Amino acid sequence: MLKNYLYALVYSAIFGTQWAYAQQEEKPKLELGGALRFNYVYSSWKEEQKTKGGEFGYDMFRINARASFKNVFLNAEYRLYSEAFGGGFLKQGWVGYRFSEKDELHAGLVYVPFGIKQYNSNNWFFNITYYAGLEDDHDMGIKYLHTGDRWEYAIAFFKNAEELNFGGDVENSSSRYSYDVVGRNKETNQFNVKLLRKLGNTGNNQLGFSAQYGQLYNIDTDRNGDHYALALHHELDWRDWNFKTEIITVAHNPVNAAGQSNAIIQMGAYGTPYEVAARFNMYTFAASKVVNVNWGPVSQLKFYNDFGYMQKKERGFTDSFQNVTGILLTAGQVYTYVDYAAGYNHSWLGGNFVDDFSTGNPDAKWEARFNINIGYYF
């Protein structure tokens with residue numbers, strides 16, 4: 001840094017200050033960060049955990065990289081989970097170009113512009129939208145973004161979800177961060193449009209509409225079905241409160257081989273697939289309140305409740321619910337989520353992991369998981 005400063009002084013004396021600092025700004029920049037997280041878990045449906053008083057173990061280690069040179073930039077994140085949860089994989093990674101302060105282009109493993117960005121939730125579990133690939137999703141494609149004072153929009157094309165094998169007749173791996181269609185069908189040729197209208201003169205008050213449409217390639221029939229999703233969403237900051245709500249309708253129309261149900265698709269992430277109803281509506285509501293404190297290293301508390309309801313359209317299927325009540329404690333670089341997550345016909349919250357989000361079980365009980373996630377973010 002001292003050497004660069006001395007160079008700037010010399011060049012400014014000879015050629016002028018503006019030229020010297022322009023040369024400094026053109027130098028490549030690189031920022032590295034990451035996180036290390038651990039989990040304490042106590043689950044109502046696991047007798048061994050109840051007997052032992054819960055379990056405490058490794059959650060995830062990640063590395064983040066941001067780089068830029070002139071108007072070209074990079075954003076990437078690689079995560080390492082245990083082998084039981086998919087091992088290591090790229091969460092996101094794209095190269096971007098900045099046309100102006102308001103217009104950008106991203107290409108690579110790109111954030112899918114659908115619903116409330118970046119999270120339709122406040123807790124560690126996300127909302128029920130995440131488990132159907134509708135929250136914090138990333139796919140392989142290209143996206144154009146415009147961020148204006150009143151209007152914000154994004155237009156994107158995704159060739160496919162994460163492709164790890166480059167084989168047309170090979171099933172997609174479930175070792176991925178965000179939920180995508182796996183099994184005998186593959187997402188391909190997907191278009192997304194998202195439009196936000198910023199309301200009011202101050203604060204965060206955004207009303208939005210999102211739409212996506214794409215094809216579903218079936219390995220067995222060598223034919224393309226289709227899928228679509230539409231959403232209305234609103235986010236509002238009011239004093240120390242934040243409110244998020246979404247209404248979503250979704251339909252997957254695969255062209256499966258004889259004997260395979262078109263009412264069910266497979267989705268996968270974290271190393272393991274499960275079934276999801278092909279057609280459903282979702283309704284979510286999340287509320288949070290921030291309280292500043294001065295408790296030693298703890299500077300802020302965030303109280304929240306995130307609710308989600310999955311209404312399945314197929315007759316005979318049982319609907320799914322999720323509700324998470326919790327607190328986020330901020331202490332310097334350490335963030336701790338304390339969550340009580342309850343689910344009904346929810347694959348990650350009790351019951352039968354395989355078909356909770358598809359056929360479900362009308363005799364299912366609400367199950368709950370008490371979870372403490374401790375993470376150091378750097």
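Numbering of residues begins from 1 in every chain and follows the order in which that chain's sequence is written. Local features in this predicted model are restricted to residues whose pLDDT is 70 or higher, and side-chain atom pairs enter the listing and the counts only when it is 80 or higher, whereas totals over whole chains, interfaces and linings include all residues. Side-chain metrics rest on all non-hydrogen atoms present in the structure, leaving aside hydrogens and water.

Thoughts on the overall build of the protein chain
- Helix and strand content of the protein chain: three helices and 19 strands.
- Values of the radius of gyration come from C-alpha atoms, whereas the globule rule sets the reference at 2.2 Å times the count of residues to the power 0.38. Its C-alpha radius of gyration of 23 Å places the protein chain within 12% of the 21 Å reference for a compact globule of 378 residues.
- In terms of overall dimensions, the protein chain has C-alpha extents of about 80 × 55 × 45 Å along its principal axes.
- Each residue is assigned to one of three classes by its accessible area relative to the maximum for its type, calculated with a 1.4 Å probe on protein chains only: buried under 20%, partly exposed between the two thresholds, exposed over 50%. In the protein chain, buried positions account for 48% of the 378 residues.
- For the protein chain, long-range pairs separated by at least 24 residues make up 60% of all intrachain contacts whose partners lie at least 6 apart in sequence.
- Surface exposure here means Shrake-Rupley accessible area, sampled with a 1.4 Å probe, where a residue is shielded only by the protein chains that are shown. Split by element, the accessible area of the protein chain, about 18700 Å² in all, is 58% carbon and sulfur.
- Neither His nor the chain ends contribute to the count of charged residues, in which Lys and Arg are positive and Asp and Glu negative. In this description, the location of a charge corresponds to atom NZ of lysine, CZ of arginine, CG of aspartate or CD of glutamate. Measuring between centres, the 35 positive side-chain charges of the protein chain sit 5 Å from its 40 negative side-chain charges. In this text, helices come from DSSP runs of H or I with a minimum length of four residues, and strands from runs of E with a minimum of two, each type numbered from the N-terminal end. Any two residues having at least one pair of non-hydrogen atoms within 4.5 Å are treated as being in contact.

Looking at the packing of aromatic side chains
- Stacked, edge-to-face and tilted are the three classes for Phe, Tyr and Trp ring pairs, Trp counted by its six-membered ring, which pair at centre distances within 6.5 Å; planes under 30 degrees apart are stacked, over 60 edge-to-face, the rest tilted. As enumerated under the stated definition, the model contains 33 aromatic pairs in all.
- Taking the centre distance of 5.4 Å and the plane angle of 90° together, the rings of Tyr130 and Tyr131 count as edge-to-face. Grouping residues by exposure puts Tyr130 and Tyr131 together as buried.
- Between Tyr283 and Tyr309 the ring centres are 5.8 Å apart and the planes differ by 25°, which places this aromatic pair in the stacked class. In this pair, Tyr283 sits in strand 15 (residues 279–295) while Tyr309 sits in strand 16 (residues 298–312), placing the two residues 26 residues apart along the sequence.
- According to the relative accessible area criterion, Tyr283 is partly exposed, its value standing at 31%.
- Looking at Tyr309, the relative accessible area reads 19%, which means it is buried.

With respect to the layout of surface pockets
- For cavity detection a 1 Å grid was placed over the protein atoms alone, and a set of points counts as a cavity when a 1.4 Å probe fits there but cannot get out; an open set counts as a pocket when protein lies on both sides within 12 Å along at least five of seven lines, with lining residues being those that have an atom within 4 Å of a point. Grid points are joined across faces, edges and corners, and a volume is the space filled by probe spheres set on the points. Roughly 450 Å³ of internal volume is contained in the second largest pocket.
- Those elements that place two or more of their residues in the lining of the second largest pocket are strand 1 (29–43), strand 2 (55–69), strand 3 (72–80), strand 4 (88–98), strand 5 (103–111) and strand 6 (138–147).
- Top contributing element to the lining of the second largest pocket by residue count: strand 2, with six residues.
- By the convention adopted, Pro, Cys, Tyr, Trp, Phe, Met, Ile, Leu, Val and Ala count as nonpolar, Lys, Arg, Asp and Glu as charged, and the other residues, Gly among them, as polar. Class assignment of the residues belonging to the lining of the second largest pocket gives a composition of eight nonpolar, seven polar and 10 charged.

Some remarks on the sheet that holds strand 13 (residues 264–269)
- Two strands qualify as a pair provided DSSP detects at least 2 bridges between them. Within the open sheet, the three strands sit side by side as 8-13-14. Their pairing is antiparallel. On the outer flanks of this sheet lie strand 8 (180–182) and strand 14 (272–277), each paired with one strand and no other. The mean angle between the axes of side-by-side strands here comes to 50°, regardless of whether they run parallel or antiparallel.
- Strand direction decides the pairing type here: strand 13 and strand 14, joined by six bridges, are antiparallel. Opposite Met267, over in strand 14, you have Tyr274 as the bridge partner. Simply put, an axis is a line fit to the C-alpha atoms, just over the touching stretch for a helix, and the angle between two N-to-C directions goes from 0 to 180 degrees.

Some words on the confidence of the model for the protein chain
- As a per-residue measure, pLDDT tells how confident the predictor is, with possible values from 0 to 100. Per-residue confidence for the protein chain gives a mean pLDDT of 93; residues scoring 70 or more make up 93%.
- Of the regions scoring below 50 in pLDDT, residues 1–15 engages in nine contacts with residues more than four places distant in sequence or in other chains.
- Note on residues 17–23: pLDDT under 50 across the span, and five contacts to partners over four residues away in sequence or across chains.

Examining unusual backbone geometry
- Residues Lys117 and Gln118 are joined by a peptide bond in cis, for which omega reads -5°.
- Inspection of the secondary structure puts Gln118 in the loop between strand 5 and strand 6.
- Even without being a glycine, Lys70 presents a positive backbone phi close to 55°.
- By relative accessible area, Lys70 is classed as exposed at 53%.
- One non-glycine residue with positive phi stands out, namely Tyr270, at about 55°.
- Position of Tyr270 among the secondary structure elements: in the loop between strand 13 and strand 14.
- Taking relative accessible area as the criterion, Tyr270 reaches 12% and is therefore assigned buried.

Focus on the pattern of salt bridges
- Take a side-chain nitrogen of Lys or Arg and a carboxyl oxygen of Asp or Glu: if they are within 4 Å of each other, that pair is a salt bridge. Taken as a whole, this structure holds 15 salt bridges when the rule is applied.
- Lys102 is the partner of Asp149 in a salt bridge, and the nearest nitrogen-oxygen pair spans 3.8 Å. Separated by 47 residues along the polypeptide, Asp149 in the loop between strand 6 and strand 7 (151–160) and Lys102 in the loop between strand 4 and strand 5 bring together distant segments of the chain.
- Overall, Asp149 belongs to the exposed group, its relative accessible area being 65%.
- Salt-bridge contacts for Arg279 lead to Glu314; the nearest nitrogen and oxygen are separated by 3.8 Å. Separated by 35 residues along the polypeptide, Arg279 in strand 15 and Glu314 in the loop between strand 16 and strand 17 (320–331) bring together distant segments of the chain.
- The partly exposed category is assigned to Arg279, whose relative accessible area is 25%.
- Taken together, the shared-partner salt bridges in this structure form one network comprising Arg62, Glu77 and Arg79.

Topic: the nonpolar core
- Buried Ala, Val, Leu, Ile, Met, Phe, Trp, Tyr and Cys residues that are joined via side-chain atoms within 4.5 Å together make up what is termed a nonpolar core. Leu134 and Tyr179 are the most contacted members of the largest nonpolar core, which has 48 residues in total.
- Counting residues per element, this core draws most heavily on strand 13, at four residues.
- Not counting chain neighbours up to four residues away, the residues in contact with Tyr179 comprise Tyr130, Tyr131, Gly133, Asp137, Met267, Gly268, Ala269, Tyr270, Tyr274 and Trp348.

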